[in-house]
Amino acid sequence: MTGLLGAALPAVPLLAGLAGLLLPPAPRHPGGAVGGGRARTAAVTIGVAGAAGALALAVALLVTVDGPTETSTTWVDFGGLAVTLGVRLDGAAALVAVAVAAVALAVQVYSVGYLRRGPHDDVDVDHRYPPYAAQISLFTGAMLLVVVAGDLIMLLVGWEVMGLCSYLLIAHDRRLAGAPAAAMKAFLVTRVGDVGFLLGIALLGVSTGSFRIADVLAHDHSGATLTAAGLLLLAGVAGKSAQFPLHTWLPDAMAGPTPISALIHAATMVAAGVYAVTRLYPLFTAAPVTLTVLGVLAAITLLLGALAATAQDDIKRVLAWSTVSQLGYMTGALAVGSPSAALFHLLTHAAFKALLFLAAGAVIHAVGTTLMSEMGGLRRAMPVTFWCTVIGLGALAGVPPLAGFWSKDGVLTVAESAALEGTGPAPSWVGWLVWLAGLLGVAITAWYAGRLLLRAFFGEPRLPLVHPHDPPAVLRWPVLLLAVPAALLGLAGFVGAFADRLRFATVPVAGAEDGLVHVGPGLLLPLALLLVGAGLVWARWRRDAAADPATALGPLRPVFARAFRLDDVQHTLVVRPVRALARLARTGDEVVVDGVVEGSGRAATGLGVGLAALHRAALPRAAAGVLAGALLIGLAAAVLEAVR
């Protein structure tokens, strides 16, 4: 029964997505007189039902799974290299599945209201809503396939389908100037990492003789194989989970609809890389070099995302860069030896980041802009959205007792243990790097979270002609329901059954996994840094409520706003050389290859024309030609005879 539940979990949203793709586009209705027609109603029904069914199956799986369970059957055998169809289930997989399905359901319901009116016209429906809802279902099913997959090839299928769905959903509104380019960038940047991911999977499969995850983990790989495969897999993780240097696609992906931002940032793409590492974690602990690399990238990503978030004016880009930073906490926990802490923060982050994006969507829906410089004074006009945003930002910053406080403290505790006691599988200096970066990130996160709250909800309205209000019920209820886990999920860490489900029986740990939640003097330092960050932004705002607190950054503000110009570096070092190489290849193809082919054709044609002219020559000219040829042949023969 457990195996059937695991197999049905990704199948339900995938089938809903395929059924939704068969629906025709919703008809356009000028003036918005009609609510969208049968196609839109069918798309809403199928999408919501698919997500609700997946959530019900995930909850059933959470209740029934009491230990690691695996079912598989051979799908195809390539000369002894087996690919299997099956599921690999445990408590952690069930919890992640519940988070994915819950966020997907919230996004499906929220989208019904959010996409009812096009952003640039008076059409009452988005006529492309049926494929949009279907693609969300496919996106959800692909992530759930990654969660339950018992074979690396199955995991890779879900991994790649997510990449395709992200491309389609980010570019959903093609009328927006940046949407197609952002979708293409997300697709190409993640594909760069996926090349390494595919090669890593192939290397492990060839070494094992099977792609079944249980066989791969049980096989005695050589040290060189583990190191090479681990580094290749980390390339894919860096792409999907937006780790430096493949993080640049995630902020630009904000060109997509806000509900899609919530789905990508909270439950699908960015979570997939972290989850894949936890699934294969014994391989990484057996090759400490891979965890060392992961720890360095985590520290850079954590601080890069936090600093970039301090100077953004677009509310969605602030949240996007905060996701990059929070992913650094998760991968940092993995680097210092605690997949449980990484998954705990993944779950709490899914709750409060989905809440923040959907609340931001409510603000954007009300005021018609994403720029905080045009907001202000929304606290009284939108009280429900305001308090939900307070909960989300408090959880993001780590305000006790909200969810993010406990999970972020869990990461800092294991990093401190790895630094001071050397308990992690990587060298102790990696623990120091992750710990110090995490502590500094606490203060910076409190600063930019406070800035977002003050700029959007306090002060005087900067668009006096706009009359915002809390969103309608179809937008409001998903936000309210997500506020509950954003506030309380961290307390689940005190429950032994919850903590046990986040532990992997096959994962060796070195003393850092004594608990998810830690209460003691170690909490004082993060709390002090939290107060410092919040106090600094509050003091700056009190000095001049009309000014942006980011002015305190001085000359660093444009540097942070451009994220240290790493996009420009990427463009200079990668994009321009590749384009130049493409132009060179095109020129070579057109001038050299086509030139040889076309030139030989022209030469043959010219020779034929010349010979035809000779054949058509008059008798005197022909006779003269024959005599001249005979004379030349005779002369050549005489010369050769003389030489001989």
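The shown structure was predicted, so the numbers you read here are calculated from the model rather than taken from an experiment.

**Digging into helix H15 (residues 339–367)**
Link 1 in the chain: When the terminal C-alpha atoms of H15 are compared, their 41 Å separation across 29 residues agrees well with the 42 Å that a helix rising 1.5 Å per residue should span.
Link 2 in the chain: The element H15 is largely enclosed, with a buried count of 27 among its 29 residues.
Link 3 in the chain: One or two positions beyond H15, positive phi appears at Gly368, with a value near 75°.

**A few points about a nonpolar patch on the surface**
Link 1 in the chain: Together, Val484, Leu488, Leu491, Phe494 and Val519 make up an exposed nonpolar region whose accessible area comes to about 470 Å².
Link 2 in the chain: Relative to the elements of secondary structure, Leu491 occurs in the loop between helix H20 (473–488) and helix H21 (496–501).
Link 3 in the chain: Taking the relative accessible area as the measure of exposure, Leu491 reaches 36% and is therefore partly exposed.

**Re the pattern of salt bridges**
Link 1 in the chain: Applying the stated criterion to the full structure yields 17 salt bridges.
Link 2 in the chain: Between Asp252 and Arg317 there is a salt bridge, with its nearest N and O atoms 3.3 Å apart. Of this pair, Asp252 sits in helix H9 (residues 249–252) while Arg317 sits in helix H14 (residues 315–335); the two residues are 65 residues apart in sequence, bridging distant segments of the chain.
Link 3 in the chain: Classification of Asp252 by relative accessible area gives partly exposed; the value is 22%.
Link 4 in the chain: A salt bridge links Asp548 to Arg455, with the shortest nitrogen-to-oxygen separation between them at 3.9 Å. Placement of the pair is Asp548 in the loop between helix H22 (524–543) and helix H23 (556–561) and Arg455 in helix H19 (residues 428–457), with a sequence separation of 93 residues. We note that Asp548, like Arg455, is buried.

**Observations regarding helix H8 (residues 223–240)**
Link 1 in the chain: When the terminal C-alpha atoms of H8 are compared, their 26 Å separation across 18 residues agrees well with the 26 Å that a helix rising 1.5 Å per residue should span.
Link 2 in the chain: Considered for burial, the residues of H8 that qualify are Thr225, Leu226, Ala229, Gly230, Leu233, Leu234, Gly236, Val237, Ala238, Gly239 and Lys240.
Link 3 in the chain: Of the surrounding secondary structure, the elements contacted by the buried residues of H8 are helix H5 (152–170), helix H6 (179–208), H9, helix H11 (269–279), helix H12 (281–285) and helix H13 (288–309).

**Observations concerning the side chain of Asp194**
Link 1 in the chain: The topology assignment puts Asp194 in helix H6.
Link 2 in the chain: A residue is classified by how much of its surface remains accessible, and Asp194, at 4% relative accessible area, is buried.
Link 3 in the chain: With residues up to four places along the chain from it excluded, the contact list for Asp194 reads Trp159, Glu160, Gly236 and Lys240.

What counts and what doesn't
Sequence positions are assigned chain by chain, starting from 1 and proceeding in written order. Note on the predicted model: pLDDT of at least 70 is required for a residue's local features to be given, and 80 or more for side-chain atom pairs to be given and counted; whole-chain, interface and lining totals, by contrast, use all residues. Excluding hydrogens and water, the side-chain figures rest on all heavy atoms present in the structure. Helix and strand labels come from DSSP, where a helix needs a run of H or I of at least four residues and a strand needs a run of E of at least two; each type is numbered from the N terminus. Multiplying 1.5 Å by the helix residue count minus one yields the expected span of that helix. Relative accessibility under 20% of the residue-type maximum defines a buried residue, over 50% an exposed one, and the middle range a partly exposed one, all with a 1.4 Å probe and only protein chains included. Nonpolar side chains (Val, Leu, Ile, Met, Phe, Trp, Tyr) are joined into patches within 5 Å and like charges within 9 Å, using only residues with over 30% relative accessible area and no salt bridge. To measure how exposed things are, a 1.4 Å probe is used in the Shrake-Rupley method; for residues, cover is taken only from the protein chains shown. Salt bridge, as used here, is a side-chain nitrogen of Lys or Arg placed within 4 Å of a carboxyl oxygen of Asp or Glu. The contact definition used throughout considers only heavy atoms, calling two residues in contact when any of these lie within 4.5 Å.

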